[in-house]
Amino acid sequence: MPRAGFRCDAGASSGVGHLVRCVALAEELRSRGADVVFLGEVRGSEWAAAQLSLRGLPLVPAPAEPARLAALSRELRLDAVVLDSYDLPEHTGAVLRDHGLAVLAIVDGDPRGQRADLYLDQNLGAEHRPFPFDARRLAGARYVLLRDSVRSRRRVAHDGEVPRVLCFFGGTDSAGVAPAWAAALRATGRPFDGTVVSPEPFEAGGPITVIPPTDRLPELMAGADLVVTAAGSAVWELLHLGVPTALTWVAANQLIGYEELVGRGVAAGLGDVPDAGSVAVLAGLLAGPAVREEHGRRGRGLVDGRGRERVADALLEICR
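Residues numbered from 1 in each chain as written. Predicted model: local features only at pLDDT ≥ 70, side-chain atom pairs only at ≥ 80, totals over all residues. Heavy atoms only, no water.

1. Details of the overall build of the protein chain
Stage number 1. For the protein chain, the count of helices and strands is twelve helices and 13 strands.
Stage number 2. A compact globule built from 320 residues would reach a C-alpha radius of gyration of about 20 Å, and the protein chain, at 20 Å, matches this within 12%.
Stage number 3. Relative to its full complement of 320 residues, the protein chain shows a buried share of 54%.
Stage number 4. Once local pairs closer than 6 in sequence are excluded, the contacts in the protein chain between residues at least 24 apart make up 58%.
Stage number 5. In the form shown here, the protein chain has an accessible surface area of approximately 13,400 Å², with 49% of it arising from carbon and sulfur atoms. (Helix = DSSP H or I, 4+ residues; strand = E, 2+ residues; numbered from the N terminus. Rg over C-alpha atoms; globule rule 2.2 N^0.38 Å. Buried < 20%, exposed > 50% of the residue type's maximum accessible area, 1.4 Å probe, protein only. Contact = heavy atoms within 4.5 Å. Areas by Shrake-Rupley, 256 points an atom, 1.4 Å probe, with all protein chains shown as cover.)

Right, here's the structure in full:
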């Protein structure tokens, strides 16, 4: 079986979505007997670092300069490199390919000039959007990468009158928006039982408990009546579980996913900052179980949980 390296970003400022989806693909490859290694560093997030160490996934410091990265990849006897970063030089993929390595680039719309043998864009509706390169592309929700801890989870029914609300913004809340959205939930004046995940502790007050990033997140998502989050990688996990979701966005690259999901009625739209309009949307969701569940119903089934198997099939094919 081939050896694959994952060059992805993770840290307090860049978030952990890139790493989480790479971990999902690494789990699949390793289940098939492949060797995997992560290349780079995890900066400022103990939770992100633990996602590798708890799974026994090695992390090797790696240079950003493409020729040196290629040399390291050959030294590690890699057959393929997965690129999942917005910050790598745009010729990284081309240099790796020149050194005989198969390259999979995970992108969100714009490939940012990165050349690869295979592209993955798991965003909803990606299959209908133009792409600048004439290369094989795995596009759309059929190819969503989900971790074992999500694929094995099922939504937990809740018959209580007070809705359970989970609020989180990635593993690091890199934009620091959790306190503002916690305040927006309280401003609705509606009863709820809230859990907010934040790497920085703060006093939310009322019915809200603030907890640090946790590996219990899939369990908390499955048990929620409503999740308030950004339109990042966690959205695909929520769609798979069928959990009603209210979305914002905290980075420009999330806007395309936000508009697609809200436009389809798969999630409720909150805009980019808490205001009177978003508080009104949240109030309606908290007061209306049927309204909440309709969003969950529309999203359920869009992500079947087998995307990583399809991606692994394609990656192993280009390694032959």
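Next, the rest of the story.
2. Overview of the pattern of salt bridges
Stage number 1. One pass over the structure, following the stated rule, counts 24 salt bridges.
Stage number 2. Across the pair R216 and E219 runs a salt bridge, and its minimum N-O distance is 3.2 Å.
Stage number 3. According to the relative accessible area criterion, R216 is partly exposed, its value standing at 41%.
Stage number 4. Residue class for E219 comes out partly exposed when judged on its relative accessible area of 37%.
Stage number 5. D304 is the salt-bridge partner of R310, the closest N and O atoms lying 2.8 Å from each other.
Stage number 6. Its relative accessible area of 16% is what places R310 among the buried residues.
Stage number 7. With relative accessibility at 39%, the residue D304 sits in the partly exposed group. (Salt bridge = Lys/Arg side-chain N within 4 Å of Asp/Glu carboxyl O.)

3. Notes on the pairing of strand 4 (residues 80-84)
Stage number 1. Counting buried positions along strand 4 gives five out of five residues, so the element sits mostly inside the fold.
Stage number 2. Side chains of strand 4 alternate between two faces, with A80, V82 and D84 and V81 and L83 buried alike.

4. Some remarks on empty space enclosed by the protein
Stage number 1. Per the stated rule, a full pass over the model turns up four cavities of 30 Å³ or more.
Stage number 2. If you add up the space inside the largest cavity, you get close to 50 Å³.
Stage number 3. V20, R21, Q122, L145, L146, S233, W236 and E237 together form the lining of the largest cavity.
Stage number 4. Elements supplying a minimum of two residues to the lining of the largest cavity: helix 1 (17-31) and helix 8 (234-241). (1 Å grid on protein atoms, 1.4 Å probe; cavity = no way out; pocket = protein on both sides within 12 Å on 5 of 7 lines; lining within 4 Å. Points joined across faces, edges and corners; volume = space filled by probe spheres on them.)

5. Regarding the sheet that holds strand 8 (residues 164-167)
Stage number 1. Spatially, the six strands line up as an open sheet ordered 10-9-8-11-12-13, and their pairing is parallel. One side of each edge strand has no neighbouring strand; the edge strands of this open sheet are strand 10 (208-211) and strand 13 (268-269).
Stage number 2. Pairing analysis gives four bridges linking strand 9 (residues 193-197) to strand 10, with the strands arranged parallel. For G194, the partnering residue across the bridge sits in strand 10 and is I208. (Pairing = 2+ DSSP bridges.)

6. Topic: the sheet that holds strand 4
Backbone-to-backbone hydrogen bonds pair the strands of a sheet. The strands run either parallel or antiparallel.
Stage number 1. Read from one edge to the other, the open sheet built from seven strands follows the order 3-2-1-4-5-6-7, with strand pairing classed as parallel. Unpaired on one side and paired on the other, strand 3 (59-60) and strand 7 (136-139) mark the two borders of the sheet.
Stage number 2. Relative to strand 1 (residues 3-8), helix 1 is tilted by about 170 degrees, and along the sheet it contacts strand 1, strand 2 (35-39), strand 4 and strand 5 (102-106). (Axes fitted to C-alpha atoms, helices over the stretch in contact; angles between N-to-C directions.)

7. A word on the nonpolar core
Stage number 1. Ranked by internal contacts, the top residues of the largest apolar core, which has 31 residues, are F6, L25, L29, F38, L104, L120 and V311.
Stage number 2. Setting aside its immediate chain neighbours within four residues, V311 contacts L25, L104, L120, L138, Y143 and L145. (Core = buried A, V, L, I, M, F, W, Y, C linked by side-chain atoms within 4.5 Å.)

8. Thoughts on the packing of aromatic side chains
Stage number 1. For the coordinates displayed, the defined rule picks out five aromatic pairs.
Stage number 2. With 5.0 Å between their ring centres and 15 degrees between their planes, F6 and F38 make a pair best called stacked. Placement of the pair is F6 in strand 1 and F38 in strand 2, with a sequence separation of 32 residues. In this pair, the class of F6 matches that of F38, namely buried.
Stage number 3. Ring centres 4.9 Å apart and planes at 65 degrees place the aromatic pair Y119 and F131 in the edge-to-face group. Here Y119, found in strand 6 (residues 118-121), pairs with F131, found in the loop between strand 6 and strand 7; they are twelve residues apart in sequence, far enough to count as distant.
Stage number 4. Taking relative accessible area as the criterion, Y119 reaches 0% and is therefore assigned buried. (Phe/Tyr/Trp six-rings, centres within 6.5 Å; stacked < 30°, edge-to-face > 60°.)

9. Points about helix 9 (residues 255-263)
Stage number 1. For helix 9, the complete set of buried residues consists of G257, Y258 and L261. Buried residues along helix 9 cover an arc of 100 degrees about the axis, so they all sit on one side.
Stage number 2. Where helix 9 is buried, its residues meet helix 8, strand 12 (245-248) and strand 13.
Stage number 3. Once helix 9 ends, the next one or two residues include G265, with phi positive near 75 degrees. (Arc of directions from axis to C-beta.)

10. A word on the layout of surface pockets
Stage number 1. The volume enclosed by the largest pocket comes to roughly 780 Å³.
Stage number 2. In terms of lining residues, the largest pocket is bounded by 42 residues, among which V16, G17, G232, S233 and Q254 are the most central.
Stage number 3. The set of elements that each furnish at least two residues to the lining of the largest pocket consists of helix 1, strand 11 (226-230), helix 8 and helix 9.
Stage number 4. No other element matches the four residues that helix 1 contributes to the lining of the largest pocket.

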